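The primary structure of each chain is shown beneath.
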Amino acid sequence: MSITTIDWHARAAQLSLDGRAFIGGERRAALAEESFDCISPIDARVLGRVARCQAADVDAAVASARAAFDDGRWARKSPVARKRTLLAFAEKIMAAREELALLETLDMGKPIQFSMSVDVPAAARCVAWYAEAIDKVYGEIAPTGLNALGLIQREAMGVIGAIVPWNYPMIMAAWKLAPALAAGNSVVLKPSEKSPLTALRLAELALAAGLPAGVFNVVPGYGTEAGEALALHPDVDAIGFTGSTRVGRKMLEYASRSNLKRVYNELGGKSAFLVFPDFDDLERCAKTVAASMFFNQGESCNAPSRLLVHESIADDFAKRVAAEAPNYRPANPLDAKTVMGALVDDGQLRTVMGYIDVGHQEGARLLTGGTRALGESGGYYVLPTVFDGVRNDMRIAREEIFGPVLCIIRFKDEAEAIALANDSSYGLQASVWSSHIDRAHRVARALRAGTVHVNQYDEDDITVPFGGYKQSGNGRDKSLHALDKYTELKTTWLRINP
Ligand code: NAD
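About the criteria used
Residues numbered from 1 in each chain as written. Predicted model: local features only at pLDDT ≥ 70, side-chain atom pairs only at ≥ 80, totals over all residues. Heavy atoms only, no water. Near = heavy atom within 4 Å. Polar contact = N/O pair within 3.5 Å; in protein donor to acceptor, adjacent residues only side chain to side chain. Areas by Shrake-Rupley, 256 points an atom, 1.4 Å probe, with all protein chains shown as cover. Helix = DSSP H or I, 4+ residues; strand = E, 2+ residues; numbered from the N terminus. Nonpolar A, V, L, I, M, F, W, Y, C, P; charged D, E, K, R; others polar. Buried < 20%, exposed > 50% of the residue type's maximum accessible area, 1.4 Å probe, protein only. Pairing = 2+ DSSP bridges. Right-handed = clockwise from strand over helix to strand, strands pointing away. Contact = heavy atoms within 4.5 Å. Core = buried A, V, L, I, M, F, W, Y, C linked by side-chain atoms within 4.5 Å. Axes fitted to C-alpha atoms, helices over the stretch in contact; angles between N-to-C directions. Parallel < 35°, antiparallel > 145°, perpendicular 65-115°, else oblique. Left-handed = near helix turned anticlockwise from the far one by under 90°. Expected span 1.5 Å × (residues − 1). Salt bridge = Lys/Arg side-chain N within 4 Å of Asp/Glu carboxyl O. Phe/Tyr/Trp six-rings, centres within 6.5 Å; stacked < 30°, edge-to-face > 60°.

Enquirer: Outline the site of the ligand, listing residues and values.
Expert: The ligand sits among 28 residues. The nearest are Val164, Lys190, Glu193, Ser244 and Glu400. One of the side-chain N or O atoms of Tyr254 is found 3.0 Å from a nitrogen atom in the ligand. The protein chains hide 92% of the 850 Å² of surface that the ligand would expose on its own. Elements represented by at least two residues in the shell around the ligand include exactly helix H8 (223-232), strand S10 (238-242) and helix H9 (245-257). In terms of residue count, the dominant contributor to the shell around the ligand is H9 (four residues). Class assignment of the residues belonging to the shell around the ligand gives a composition of 14 nonpolar, eight polar and six charged.

Written as structure tokens, this is what we have:
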């Protein structure tokens, strides 16, 4: 059935949720029997109750993951056997596409068309990609003298704690899960309390695909309870964290207070999008910055939220971008044609509206948006918003807003553009637009960011690493590089008698 013919509202009305944790291959209520409301940002409706896991539940999940790791029910399977199971898991994700897409949209407010076309297929592709990769990863033999053999191998690490945010719940979970499981680890996943539903279903689908019980556990709950207990746990070998820079700092602290577990942080961003006057298609450039900024309600770590434009074209370019904004007017996420949905919750709505106030107070000029929308729905919607006349030292240019707010900053020349772009505590992504090949390369080299786009912003693929410089994090998700995070490098020396 095509997405336009599905009555998502009717399906949402019929939905019955199981919000219990997933530990040791089965659903369990939290040991303290506590739960919390799962609220849809679409209309503030309570979708159901979700287990509020605490330290005791995390202990049970880690014990189950450890037992599964130690007896080798997954870790000691051959890579080709792990591949088959994970490919079956990916197929099950795609077979459950409509259900997972509906849960994702109801839970965090993104348009159903993107849950269907982006989130579910990307999560499945990620799982399938690491499945396909894992029986093609070779070890090394060191170039030593003749009387010795030095074997260098990658081994599964043990129990991986994955703590993920709400903006792409399934994709962020898959970026951790897939390489960690493919390498033979056990995983305890802590989804965001704002979007726990798809993680719980993913665990059921993995079990149904043949992943042994205990290898993949899910502990929903609050960050300061379940999240903290997982990151402090002495029997967790590594934490794969995606979230805010504020909480990323805590991850390092938890590791130092506990067992010095590896910590891989994928954190916030304030990505710069540089437009030079020599670029020959400003219309496409304006459409791209609007589409990239307002996708996912602006709740993307890599949203190009600082638009740096040469002063000679800035007035014209600002008009073009502002003219794009109405194309992203929020609407009900369950309607098939909606392109911008609801912010994740009332807290995020208050944060975004607070930053819009700050923008006014700092003297930035509002070109479009700046107000709530669809208030009668009870949900959390904000119009796509563009501020012009922003200075790079304003709070709206320095702090991650994580909502549909674009800041336009003007520059005089190439050197100033690079200096402004790099003058940020973040370094996740950047983009340079120029028809001059030397300039494009020169500027791309000078930008301190994990990914630099040239004359585009949309390209993305599981085959390339994703992560940032500076306070945008360490380590990389995606690509074969992610396997480094969830494996230990072991050297085995053998003596060869002459
Ligand atoms: P967040 O840091 O508030 O929460 C992320 C996760 O950490 C959640 O599961 C939360 O429950 C948990 N958590 C919160 N406090 C905790 C604590 N004290 N101890 C342990 N766990 C805790 O972030 P968020 O609001 O969910 O997500 C938005 C952030 O994620 C943005 O900063 C965004 O840029 C970032 N992000 C980064 C990437 C990337 O790949 N670099 C991708 C997506 C999102």
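Enquirer: Help me get a handle on the pairing of strand S13 (residues 306-310), residues and values and all.
Expert: Most of S13 sits out of view: five of its five residues are buried. Of the two faces of S13, the one carrying Arg306, Leu308 and His310 and the one carrying Leu307 and Val309 are both buried. Judged from the four bridges that link them, strand S12 (residues 272-275) and S13 form a sheet pairing that is parallel. Opposite Leu274, over in S13, you have Leu308 as the bridge partner. Crossover handedness for the path S12 to helix H10 (residues 282-294) to S13: right-handed. Pairing analysis gives five bridges linking S13 to strand S18 (residues 405-411), with the strands arranged parallel. Across the sheet, the residue bridging to Val309 is Arg410, located in S18.

Enquirer: So what's going on with the environment of Gly363? Residues and values would help.
Expert: You can see Gly363 is positioned in the loop between helix H12 (346-361) and strand S14 (365-368). Sequence separation of Gly363 and Val236 is 127 residues, and the distance between their C-alpha atoms is 48 Å. Among residues more than four places away in sequence, those in contact with Gly363 are Gly389 and Met394.

Enquirer: Which residues make up the nonpolar core, and what are the values?
Expert: One finds Phe89, Ile93, Tyr130 and Phe216 to be the most contacted residues of the largest nonpolar core, which totals 77 residues. In this view, Phe89 contacts Val127, Leu202, Leu205, Ala206, Ala209 and Phe216; residues no more than four positions away in its chain are not counted. Membership of the second largest hydrophobic core comes to 33 residues, among which are Tyr355, Val390, Val443 and Leu447.

Enquirer: I'd like a rundown of the sheet that holds strand S6 (residues 148-156), residues and numbers included.
Expert: A sheet is described by the order of its strands in space; here three strands give the open sequence S5-S6-S23, paired in antiparallel fashion. The two strands at the open ends of the sheet, each matched to only one other strand, are strand S5 (140-141) and strand S23 (487-495).

Enquirer: Describe the packing of helix H14 (residues 414-422) against helix H15 (residues 437-446), listing the residues and the values that go with them.
Expert: For the pair H14 and H15, the least separation of the axes is 10 Å and the interaxial angle reads 30°. Judged on the interaxial angle alone, H15 and H14 are roughly parallel. Remark: the crossing between H14 and H15 carries right-handed chirality. Here H14 contributes Glu414, Ile418 and Asn422 to the contact with H15, which in turn contributes Arg439, Arg442, Val443 and Ala446. Partitioning the contact of H14 with H15 into residue classes produces three nonpolar, one polar and three charged.

Enquirer: Report on H10, specifying residues and quantitative values.
Expert: Taking 1.5 Å of rise per residue, the 13 residues of H10 would be expected to cover 18 Å, and the 18 Å separating its terminal C-alpha atoms lies within 8% of that figure. Every buried residue of H10 is listed here: Leu282, Cys285, Ala286, Thr288, Val289, Ala290, Ser292, Met293 and Phe294. Packing partners of the buried residues in H10 comprise S12, S13, helix H11 (314-324), strand S17 (385-388), S18 and strand S20 (429-433). Once H10 finishes, Asn296 follows within two positions and takes phi at roughly 60°, a positive value.

Enquirer: Hey, could you go over the pattern of salt bridges for me, with residue numbers and the actual values?
Expert: As enumerated under the stated definition, the model contains 44 salt bridges in all. For Arg20, the salt bridge goes to Asp18, with nearest N and O atoms at 2.9 Å. A relative accessible area of 37% places Arg20 in the partly exposed class. By relative accessible area, Asp18 is classed as partly exposed at 28%. Across the salt bridge formed by Arg439 and Asp278, the nearest N and O atoms sit 2.8 Å from each other. Highlighted residues: Arg439 in helix H15 and Asp278 in the loop between S12 and H10, separated in sequence by 161 residues. Taken together, the salt bridges that share partners define one network made up of Asp18, Arg20, Arg27, Glu99, Arg201 and Glu204.

Enquirer: Describe the environment of Gly403, naming the residues involved and giving the relevant values.
Expert: Relative to the helices and strands, Gly403 resides in the loop between helix H13 (395-398) and S18. By relative accessible area, which is 2% here, Gly403 ends up buried. Along the chain, Gly403 and Met353 lie 50 residues apart, while their C-alpha atoms are 9.2 Å from each other. In contact with Gly403, other than residues within four places in its own chain, are Met293, Gln297, Gly298 and Val352.

Enquirer: How would you sum up the pairing of strand S4 (residues 46-51)? Please name residues and give values.
Expert: For strand S3 (residues 35-39) and S4, the ladder comprises five bridges, and the chain directions are antiparallel. In the sheet register, Ile39 faces S4, and the bridge partner there is Val46. Taking the residues between adjacent antiparallel strands as the criterion, S3 and S4 are bridged by six residues, where Ala44 takes a positive phi near 65°.

Enquirer: Give a detailed account of the packing of aromatic side chains, specifying residues and quantitative values.
Expert: Given two aromatic rings, one states the distance between the centres and the angle between the planes to describe the pair. On inspection of all chains with the given rule, the structure shows 11 aromatic pairs. Aromatic side chains Trp129 and Tyr130 sit 5.0 Å apart centroid to centroid with 90° between the ring planes, which places their arrangement in the edge-to-face category. Here Trp129 matches Tyr130 in class, with each residue buried. Between the aromatic rings of Phe294 and Tyr328, the centroid separation amounts to 5.7 Å while the plane-to-plane angle is 45°, which identifies the pairing as tilted.

Spatial relationships are all this shows, so hold off on functional conclusions.
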